[in-house]
Amino acid sequence: MTSDVRFPTREIGSLAKPSWRVKPFAGRPLEEGDIAEAERWGERLEVDGFDRLVEHLRQDELDLPEIDHWAARYALRLLERAGLDVVYDGEQRRTEMYDHVAGFARGFEVRGTVRSFDNKYYRKAAVVERPAADGPQDVDEYRFVVEHTDREVKVPLTGAYTMEDWSYDEHYAHEGALGSSAERRYEARSRFVTDVAERVIRPNVVGLVEAGCDWIQIDEPAAATKPDEVPLVVLGFNAALAGVEAEKKSMHICFSDYSALWPSVLELEDCLELQLEFANRDSRELGTRDEDRPGYADTLRLFKEHGYPGVGLGVLDIHSDFVEPAVLVRDRILYAVSVLDDPTRIQVNPDCGLRTRSWDVVYEKLANMVEGARLAEDVLNKASAPAAQRL
Amino acid sequence: MQAYAPGIYARSEELIQATRDLDRGRTTPEAVEDARERDMAELVAVQEEAGLDLLADGMLGAQDIFRPLAEATEGLDARPLTRFLDTNTFYRAVLVAGTPRLRTPLPAPDLPAGRWLATLPAPLAFARAARGALTAQTAAEAIIAPQMEAFAAAGCALIVLGDPFLAREGGVDEAVAALGELPRDVPLLLHLPFGDATPVLEALGDAPVDAVGVDFYATALEAVPEGYPKEIAAGVLDARSSALEDPEEIIRFVERLVDRGPGGVSLIPSGDLQFVPERIAREKLLRLGRARATLTEGVPA
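Note that this is a predicted model, so its numbers are computed, not measured. (Residues numbered from 1 in each chain as written. Chains lettered and ligands numbered in written order. Predicted model: local features only at pLDDT ≥ 70, side-chain atom pairs only at ≥ 80, totals over all residues.)

Caption draft 1: Expanded view of the overall build of chain B. Tallying secondary structure elements over chain B gives ten helices and eight strands in all. Rg of the C-alpha trace for chain B: 18 Å, near the compact-globule value of 19 Å for 301 residues, within the 12% margin. In terms of overall dimensions, chain B has a C-alpha envelope of 50 × 45 × 35 Å along the principal axes. Look at the contacts in chain B between residues 6 or more apart in sequence, and 71% of them connect residues 24 or more apart. (Helix = DSSP H or I, 4+ residues; strand = E, 2+ residues; numbered from the N terminus. Rg over C-alpha atoms; globule rule 2.2 N^0.38 Å. Contact = placed C-beta atoms within 7 Å.)

Caption draft 2: Quick look at helix α10 (residues 297–306) of chain A. Residues and elements named next belong to chain A. For α10, the complete set of buried residues consists of T299, L300 and F303. One face of α10 carries all of its buried residues, which in axial projection span an arc of 100 degrees. Each element contacted by the buried residues of α10 is listed here: β9 (273–276), β10 (310–314) and α11 (326–340). In the stretch just after α10, G307 is the one whose phi turns positive, near 75 degrees. (Buried ≥ 20, exposed ≤ 12 C-beta atoms within 10 Å, placed from the backbone. Arc of directions from axis to C-beta.)

Caption draft 3: Looking closely at the sheet that holds strand β5 (residues 188–192) of chain B. Residues and elements named next belong to chain B. Overall, parallel pairing links the six strands, which are arranged β3-β4-β5-β6-β7-β8 in an open sheet. Two strands close off the open sheet at either side, each with one partner strand: β3 (116–121) and β8 (264–269). Pairwise comparison of adjacent strand axes, ignoring direction, gives a mean angle of 25 degrees for this sheet. Direction of pairing for strand β6 (residues 211–215) relative to strand β7 (residues 231–237): parallel, over a ladder of five bridges. Paired with A211 across the strands is E231, a residue of β7. Most of the contacts of helix α9 (residues 247–259) go to β7, to which it runs at about 160 degrees, and overall it touches β7 and β8. (Pairing = 2+ DSSP bridges. Axes fitted to C-alpha atoms, helices over the stretch in contact; angles between N-to-C directions.)

Caption draft 4: Summary view of the pairing of β10 of chain A. All names here are of chain A. Most of β10 is tucked away, with four of its five residues classed as buried. The pairing of β9 with β10 spans four bridges and is classified as parallel. Bridge pairing in β10 links L274 to V311. Read from β9 through α10 to β10, the crossover connection turns out right-handed. (Right-handed = clockwise from strand over helix to strand, strands pointing away.)

Caption draft 5: The arrangement of the interface of chain B and chain A in detail. On the side of chain A, 30 residues touch chain B, which itself brings 33 residues to the contact. Breaking the side of chain B that touches chain A down by element, the ones donating at least two residues are α1 (13–23), β1 (73–83), α9 and α10 (278–297) of chain B. Take the side of chain B that touches chain A: its biggest share by element is six residues, from α1 of chain B. Residues belonging to the side of chain B that touches chain A are distributed by class as follows: 16 nonpolar, eight polar and nine charged. (Nonpolar A, V, L, I, M, F, W, Y, C, P; charged D, E, K, R; others polar.)

Caption draft 6: Up close: the packing of helix α1 (residues 19–26) of chain A against helix α2 (residues 32–45) of chain A. Residue and element names in this part refer to chain A. Orientation of α1 relative to α2, taken along the N-to-C sense of each, is 135 degrees, at an axis distance of 8 Å. Put simply, α1 runs oblique to α2. Across from S19, W20 and K23 in α1, the residues of α2 making contact are D34, I35, E37 and A38. Grouping the constituent residues of the contact of α1 with α2 by class yields three nonpolar, one polar and three charged. (Parallel < 35°, antiparallel > 145°, perpendicular 65-115°, else oblique.)

Caption draft 7: Inspection of the nonpolar core at higher detail. Counting residues in each nonpolar core, the largest one holds 221 residues, and the members touching the most others are I333 of chain A together with L190 and A234 of chain B. Of all the elements, helix α4 (residues 64–82) of chain A adds the most residues to this core, at ten residues. Apart from residues no more than four positions distant in its own chain, L190 of chain B is found in contact with A122, L161, D163, L179, L204, A207, V209, V212 and G213 of chain B. (Core = buried A, V, L, I, M, F, W, Y, C linked by C-beta atoms within 7 Å.)

Structure below.
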């Protein structure tokens, strides 16, 4: 007897922060429009006690930690109401995935702002000594989430390789860098990755698991950007998580050449899946043939060929306000099933965190993603049902 | 021995904030343009203070190296966000939706004629940004050549053709053939930022360019063949590192490079200085100038 196909749906990490959260942290006064947004989304998401938030915002009676609590609750509710199976808090308390870690661990010093793309920027730090953290960073954040949801929870953590790759190095390889060998540069980067994994991320992971967390997602957007350094990504993942009793461990990678990942990723220990960005590079037309799905074909074949790990299928382009229709999400999933020939290896998510999109767009996108997953399940379950049941 | 700084320069914190504010509807395009002009004036002043031989406008309005030409060309569009090499930055891949034709050349910067350089994508780099939907030959003939002619007419002293992919992905024959389609009114530098130039350097010795730019933070000195026929534009500032270079170290390195007998040596950053904060980029330029002054004029570094 065949059990029904089910595609769990999740976010990847960040959501935009509401203006009523951003402005107080920036020391700017709220305007009526900001408070109206808190009221509108409170009503729409049916956030318990949102009217108290609105009143407190009007009276300017909330301190910053209380505002963070509310922002986390709103984000959680948005993800729940959109219908996701697995949630977190949209990283409402974190400044940004890199800065969140660099600002906490010892050994990093901020150097300034650099561009990511277009008019998007991030603060970049330099490593100036061996990084280390004195304890877990995100346990309080995690405990708040589990107290406010009954859904499954997945905690995103910035990976060691990305911390290394996105930092300036003023410690490991600075001296004699001009005209030096590739081997010397690789060795310095390896030491940097290992130190971050063992001395910064692992203490956080251990603390989270002790607090009850059973799904750690390591975010490595830098993973495939230096093909010959993918082994360092694996080194960082394993060094941070080896022996940790989390039920699920996964890795998120985006906007990269995924062909560089294999075979090194076969060495990831107990990795449930790689959650990848696909939709950004795909067509918006419907269809489940190879030519209909240019953003998926090549990478999914690598998953098929190597058989490990599972796929976190990015079905929403996070850099566009285009709201993917549910039938487009359906076709992307069905295409993935046709390539992998194993729906149990597939879970569904946006390409990446949705922080650059408005909540209105995010809500519509996520709701359609969930609906698209249900449509794909219907197709597959009907196809596999006995003929009498299909009548 | 000249020194100069091609590519996209770092935006100041003020310009960054202005562009952020524009995206959020808090300021006007005019205010952003004012901030950009202030940045450019500051950049020119820094280059003058550093004693750089050629001035660059820093491409402070460019969102990536391909975007200005993509937007100025009929039949092209820019959409999918694509990681730029192994950096935490992205460019928008070029979509080909028709027969490309440069609609109107990009305007020349407001810099003294005969003393400024321009940076453009090399033909094969542009083709690769279009993911093969455009040949290097077409990019050269239909887009880059007419742009170069416009810059030449406006008093450009050096055109830097950036190819961030060539050192990593190869394709020298195609790159060289396309370079052959370009006008030679202005000296040409083929710049290979952020990549180990070892595999392509020898073959580029015969390329129709006057100089080859090498990132010496990704390329070992020994990769430069003895008696290399072209000028080497030596990337001696690490454009991806916040660490400030010691001019003495640059000088020692350049002396070793000169000993290998290339057709000439000039000094540049390893790539676009937009990869470090503006405060650091500015200090790096000053140090580049100090190293060059010592090497050419005996001024103590």
